[in-house]
Amino acid sequence: MTQKEIDWGRLDEIIKRHRDENWALIPLLQDIQEEFGYLPPEFIEPVAEALKLFPSEVQGVITFYAGFSLEPKGRNVIKSCRGTACHVKGSRSILRFIKKELNLEEGETSPDYQFTLETVACLGACFLAPAMMVNRTYFGKLSPPKVKSILAQYSRPKTGESEIK
Ligand code: FES
């Protein structure tokens, strides 16, 4: 998959929706990221202009919130938990296994934009330890064979859904 062509018309529509709100920057950025999968750096200036902010203020918010990304991510974002409960249940070997399977290090995206691998401090699902998320879906009680079958499932084109498995 190649990087999406930038659709400036869609950006205008999203900005229009938020222009009249008082403090609209964060929801506006969330909408842009939802639409484009990331925040293209060339959007910072038009967004700042629309909300009468300095580009440095927009940039500051983007870098402050870990949820925002200025780089394209993979179609499937894996968040492997490295929190205490997961650590105790073997999350380090799970992460090692994911890295080996995908040939990715933490923070990397595969060249075909199929996967991005991230780690998080806690997914808030400690009862599922060791746990990970793929997009908005939680997976728990992980073992290498279970991870292998999950990754295989996401290697095919598929839309994400929100649930616990
Ligand atoms: S420590 Fe992993 S979900 Fe909380």
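Up top you'll find the structure we're talking about.
These numbers come from a predicted model, not from an experiment. (Residues numbered from 1 in each chain as written. Predicted model: local features only at pLDDT ≥ 70, side-chain atom pairs only at ≥ 80, totals over all residues. Heavy atoms only, no water.)

Visitor: Let's hear about the overall build of the protein chain: which residues, and what values?
Guide: Of the regular secondary structure elements, the protein chain holds seven helices and four strands. When the helices and strands of the protein chain are listed from N to C terminus, the series reads α-α-α-α-β-α-α-β-β-β-α. In the protein chain, buried positions account for 41% of the 165 residues. Counted over contacts in the protein chain with a minimum sequence separation of 6, partners at least 24 positions apart contribute 62%. When the accessible surface of the protein chain is summed, it comes to about 9700 Å², and 53% of that surface belongs to carbon and sulfur atoms. (Helix = DSSP H or I, 4+ residues; strand = E, 2+ residues; numbered from the N terminus. Buried < 20%, exposed > 50% of the residue type's maximum accessible area, 1.4 Å probe, protein only. Contact = heavy atoms within 4.5 Å. Areas by Shrake-Rupley, 256 points an atom, 1.4 Å probe, with all protein chains shown as cover.)

Visitor: Give a description of the side chain of Ser91 that names residues and reports values.
Guide: Note on placement: Ser91 falls in helix α6 (residues 91-102). On the accessibility criterion, Ser91 (4% relative accessible area) is buried. Within the local environment of Ser91, its side chain forms a polar contact with the backbone nitrogen of His87, the two atoms lying 3.3 Å apart. (Polar contact = N/O pair within 3.5 Å; in protein donor to acceptor, adjacent residues only side chain to side chain.)

Visitor: Could you give an account of the pairing of strand β1 (residues 76-81), naming the residues involved and the relevant values?
Guide: Burial runs high along β1: five of the six residues are buried. Where β1 lies against strand β2 (residues 115-120), six bridges are found, and the strand directions are parallel. Along β2, the bridge assignment pairs Lys79 with Glu118. As paired strands, β1 and strand β3 (residues 132-134) are joined by three bridges and run antiparallel to one another. In the strand pairing of β3, Ile78 is matched with Val134. (Pairing = 2+ DSSP bridges.)

Visitor: Residue-level account of the nonpolar core, with values.
Guide: Generally speaking, a soluble globular protein has its nonpolar side chains buried in company with each other. Of all hydrophobic cores here, the largest spans 22 residues; its most connected members are Leu25, Leu29, Ile32, Val47, Val58, Ile62 and Phe68. For this core, the elements supplying multiple residues, two or more each, are α1 (8-18), α2 (25-36), α3 (44-50) and α4 (55-64). When residues in this core are grouped by element, the largest group, six residues, is from α2. Setting aside residues up to four positions removed in sequence, Val58 forms contacts with Leu25, Leu29, Ile44, Val47, Ala48 and Leu53. (Core = buried A, V, L, I, M, F, W, Y, C linked by side-chain atoms within 4.5 Å.)

Visitor: Tell me about the packing of aromatic side chains, residues and numbers included.
Guide: For the structure shown, the criterion picks out five aromatic pairs. Here the aromatic rings of Phe36 and Phe43 are separated by 5.1 Å at their centres, their planes lie at 80°, and the arrangement is edge-to-face. Residue Phe36 shares its accessibility class with Phe43, and that shared class is buried. Seen in terms of ring centroids, Phe139 and Tyr154 are 6.1 Å apart; in terms of plane orientation they differ by 90°. Their pairing is edge-to-face. Placement of Phe139 in strand β4 (residues 137-139) and of Tyr154 in helix α7 (residues 144-154) is noted, with a sequence separation of 15 residues between them. Taking the relative accessible area as the measure of exposure, Phe139 reaches 2% and is therefore buried. What makes Tyr154 buried here is its relative accessible area of 1%. Chaining the aromatic ring pairs together yields one cluster made of Trp8, Phe36 and Phe43. (Phe/Tyr/Trp six-rings, centres within 6.5 Å; stacked < 30°, edge-to-face > 60°.)

Visitor: Just give me the short version of the pairing of β2, but keep the residues and values in it.
Guide: Where burial is concerned, most of β2 is hidden: six out of the six residues are buried. Side chains Phe115, Leu117 and Thr119 of β2 all project onto a buried face; the interleaved residues Thr116, Glu118 and Val120 project onto the opposite face, where all are buried too.

Visitor: Tell me about the packing of α2 against α4, and please be specific about residues and values.
Guide: Running from amino to carboxyl end, α2 crosses α4 at an angle of 70°, the nearest separation of the two axes being 11 Å. The pairing of α2 with α4 is recorded here as roughly perpendicular in orientation. When you trace α2 past α4, the crossing you get is right-handed. Where α2 approaches α4, its residues Leu25, Ile26 and Leu29 are matched on the opposing element by Glu57, Val58, Val61 and Ile62. Tallied by class, the residues present in the contact of α2 with α4 amount to six nonpolar, no polar and one charged. (Axes fitted to C-alpha atoms, helices over the stretch in contact; angles between N-to-C directions. Parallel < 35°, antiparallel > 145°, perpendicular 65-115°, else oblique. Left-handed = near helix turned anticlockwise from the far one by under 90°. Nonpolar A, V, L, I, M, F, W, Y, C, P; charged D, E, K, R; others polar.)

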